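Letter by letter, the chains look like this.
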Amino acid sequence: MAESAATQPSRSRDLDKLLLRPGNLVGPRFEPSAQLRDDVQNHARVLVVGAGGLGCELLKDLALSGFHNLDVIDMDRIEVTNLNRQFLFRVEDVGKPKAEVAAKRVMERISGVNIVPHFCRIEDKDIDFYNDFMIIALGLDSVEARSYINNVACSFLEYDSDDNPLEETIKPMVDGGTEGFKGHARVILPGVTPCFECTIWLFPPQVKFPLCTLAETPRTAAHCIEYAHLIKWNEAHGGTAFDPDNPQHMKWVYDEAAKRAELFGIPGVTYSFTQGVVKNIIPAIASTNAIISAACTLETLKIATECSKTMSNYLTYNGSEGLHTKVAEFERDKDCLVCGPGVLIEVDTSVTLQKFMNLLEEHPKLQLTKASITHRGKNLYMQAPPVLEEMTRSNLCLPLFELMGKLSKDVIHVNGMTNKNNQKVSCLRKLRVTFKGVDGVTDMDTAGGA
Amino acid sequence: MIKLFKVKEKQRELAENASGGAPVKKQSAGELRLHKDISELNLPKSCTIQFPNGKDDLMNFEVTIRPDDGYYLGGIFLFSFQVSPIYPHEAPKVKCKTKVYHPNIDLEGNVCLNILREDWKPVLNINTVIYGLYHLFTEPNYEDPLNHDAAAMLRENPKLFESNVRRAMAGGYVGQTFFPRCI
Ligand SMILES: [Zn+2]
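Worth saying up front: this structure is predicted, and the values here are computed from it rather than measured.

(A) Molecular detail of the domain arrangement of chain A. Domain assignment breaks chain A into domain 1 (2-201 + 285-328), domain 2 (211-278) and domain 3 (343-449). Here the C-alpha centre of domain 3 of chain A lies 48 Å away from the C-alpha centre of domain 2 of chain A.

(B) Molecular detail of the coordination of the zinc ion. Residues and elements named next belong to chain A. Cys195 (SG), Cys198 (SG), Cys336 (SG) and Cys339 (SG) make up the full set of protein donors to the zinc ion, lying at 2.3 Å. Considering all 4 donor atoms around the zinc ion, the spread of angles at the metal, 97 to 118 degrees, places the coordination shape in the tetrahedral class. For the zinc ion, the single-chain donor residues occur in sequence as C-x2-C-x137-C-x2-C. In this structure, Cys195 and Cys198 share a single accessibility class: buried.

(C) Molecular detail of the confidence of the model for chain B. Across chain B, the average pLDDT comes to 91, with 93% of residues at 70 or higher. Quick note on the complex model: pTM equals 0.89, ipTM equals 0.88.

(D) Up close: the sheet that holds strand β1 (residues 47-50) of chain B. Residues and elements named next belong to chain B. The 4 strands lie next to each other as β1-β2-β3-β4, forming an open sheet whose pairing is antiparallel. Only two strands of the sheet have a single neighbouring strand rather than two, namely β1 and β4 (93-96). Adjacent strand axes in the sheet meet at a mean angle of 25 degrees when their direction is disregarded. Sheet analysis places strand β3 (residues 77-82) next to β4, joined by 4 bridges and oriented antiparallel.

(E) A look at the state of the cysteines. Across all of its chains, the model carries 0 disulfides over all chains by this definition. The thiol of Cys182(B) is not disulfide-bonded; the next cysteine sulfur, from Cys96(B), is found 8.7 Å away.

(F) Highlighting the environment of Tyr381(A). All names here are of chain A. Topologically, Tyr381 is positioned in strand β11 (residues 378-381). Distance in space between the C-alpha atoms of Tyr381 and Ser394 is 8.9 Å, their sequence separation being 13 residues. In contact with Tyr381, other than residues within four places in its own chain, are Leu353, Met357, Ala371, Ser372, Ile373, Glu389, Thr392, Arg393 and Leu396. Of note is the side chain of Tyr381, whose polar atom sits 2.6 Å from the side chain of Glu389.

(G) Fine view of helix α4 (residues 148-156) of chain B. Residue and element names in this part refer to chain B. Listed as buried for α4 are Ala150, Ala151, Ala152 and Leu154. Its buried side turned inward, α4 meets α5 (158-170). Residue Asn147 occupies the N-cap position of α4, its side-chain oxygen lying 3.2 Å from the main-chain nitrogen of Asp149.

(H) Fine view of the UniProt feature "active site" (unreviewed entry) in chain A. Annotation from UniProt places "active site" (unreviewed entry) at Cys212(A). As for its placement among the helices and strands, Cys212(A) is situated in helix α7 (residues 211-216). Leave out the neighbours within four places in its chain, and Cys212(A) touches Thr217(A), Cys112(B), Asp144(B), Pro145(B) and Leu146(B).

(I) Structural detail: the pairing of strand β4 (residues 135-139) of chain A. Residues and elements named next belong to chain A. Across the 5 residues that make up β4, a large majority, 5, are buried. Burial along β4 is two-sided: the residues Ile135, Ala137 and Gly139 and Ile136 and Leu138 are all buried. Here strand β1 (residues 45-49) pairs with β4 via 4 bridges, running parallel. The residue bridging Leu47 from the neighbouring strand is Ile136, located in β4. Summarising the sheet, β4 and strand β5 (residues 173-179) pair through 4 bridges and their orientation is parallel. If you follow Ile136 over to β5, its bridge partner there is Met173. For the crossover that starts at β4, traverses helix α6 (residues 143-154) and ends in the parallel β5, the hand is right-handed.

Basis of the calculations
Residues numbered from 1 in each chain as written. Chains lettered and ligands numbered in written order. Predicted model: local features only at pLDDT ≥ 70, side-chain atom pairs only at ≥ 80, totals over all residues. Heavy atoms only, no water. Domains from an automatic or database assignment. Donors = N, O, S within 2.8 Å, 3.2 Å for Na, K, Ca; no water. Tetrahedral: all angles 85-135°; square planar, octahedral: opposite > 155°, others 65-115°. Buried < 20%, exposed > 50% of the residue type's maximum accessible area, 1.4 Å probe, protein only. pLDDT = per-residue confidence, 0-100. Pairing = 2+ DSSP bridges. Helix = DSSP H or I, 4+ residues; strand = E, 2+ residues; numbered from the N terminus. Axes fitted to C-alpha atoms, helices over the stretch in contact; angles between N-to-C directions. Disulfide = S-S within 2.5 Å. Contact = heavy atoms within 4.5 Å. Polar contact = N/O pair within 3.5 Å; in protein donor to acceptor, adjacent residues only side chain to side chain. UniProt positions renumbered as here; feature names shortened; annotations may be inferred. Right-handed = clockwise from strand over helix to strand, strands pointing away.

Quick look at the structure:
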């Protein structure tokens, strides 16, 4: 293995061209140096979310691009059908956790790389876990999981008193996604570029067949599969919830779907198609994963080193007929509940919830009446329905400071009615509440914003 | 970015959360939108809503419908709602917990209502869904059958359908199937 240093060019030769030389397209703080290359190795911790088709590519690409401190999180175990594209896995790995095998394989092949696997659900980790990473790279196939990670990353974001994001609180995400021959890669800098929630409409809603069609007039293989999955499963299993990650459950649905397809003379029900329909996944293509992962890795390197300006901010790739790719610049939703600054409001610690609601009515930016208020999942006051109004009414005479757990500042969400072009419209607002004179935190904030 | 991160790492080692205000995961956009839906509910008298897990879990709730008109007058029907964190990108999951003889509701509690599946749009809300369920009782239809026998009966013999509904609601057999009393 060990060739002499003289004949073997440095493994970082290509990387050095980006990191050791000045350039015209570099970021404002880029300082080319060997130190920078070493910092990528030693200090840039990157989390890869997902160890499937994209995740395998991302781990390999990041490791080969000089990132030597990686973590990977994935709750799935390896299945036979993964092997064609999830190239880090072998037949004998079937049944083992993807994160663990992927980490091991990359470490075996690329010396000096340290990858920590996490075989668990993304929800199992507490939020501090995610805060330890410089950049989070997403190789996921579900809207839910993306939305979750986005919410976590955006929860670190803080704004100064002029509603500018504090740079040190920005947790960059690089998100890749593929469906067959199509894919996307995007850079999310919370507070700067649109977050996942700002543009959730980019994801087409899942196709849902009418239940009565499934029950009465199936016409396609997908109808038969959804019948077995949504109707037949409950009939046969009563209390047991269907688990799409349980291969026995999936096999049962496949068998039932196949029977039904035969009954109605419908072709096309296979095990992998059953998985695809039930999990709402379009078959993945290895080359699409590779292309999208390469784009994501380059963006990760650009964010970390500023050796070039990052893509702004959403790349689409379509390889189904010829090849079409372009970058579109999407805009932030200024009122986004997840990444937006919200409205800053400063109050005394003695202010009761009722008094606070009066303040919202008078606040020039809000003029919000009939407020319902929620804080960290606790409903402080609800205007309706009567059952919840009754349960929350006693909070009205309590100080907001106490209701919010005596924090010097925190975010709450309020919905109610406001005036827009002389019409009453309902609205939902994020508020950054700070309490006067608590812990001196408000003073510090002002200093930071200046 | 790396420089910033290095500084941040050092700061964190020194500070170890000195200010106390450690970041907390925020409510999902779905929870927030649902909060809005619920606080703006405007239900007819025949529909009530319950929160079995208390005032802070809005994602799982129940709706009771007491139809004040039609075949199902006098019956009491319970529905469970499960709302996803990516609501309203995805429709709420609704099940009928009361066993009912109904053309559009099967014996497992699956409900055939277009706005719960193929016609769901993020502009719709919980109020619309509850109204939709209410209308299933005042206007059951045989064109979207989920209970095949009940749908055929409604189409071919509305009189007998009506007496079947009364028998099921009072607690009794329709054909081979027993329905617990729900009046
Ligand atoms: Zn956003």
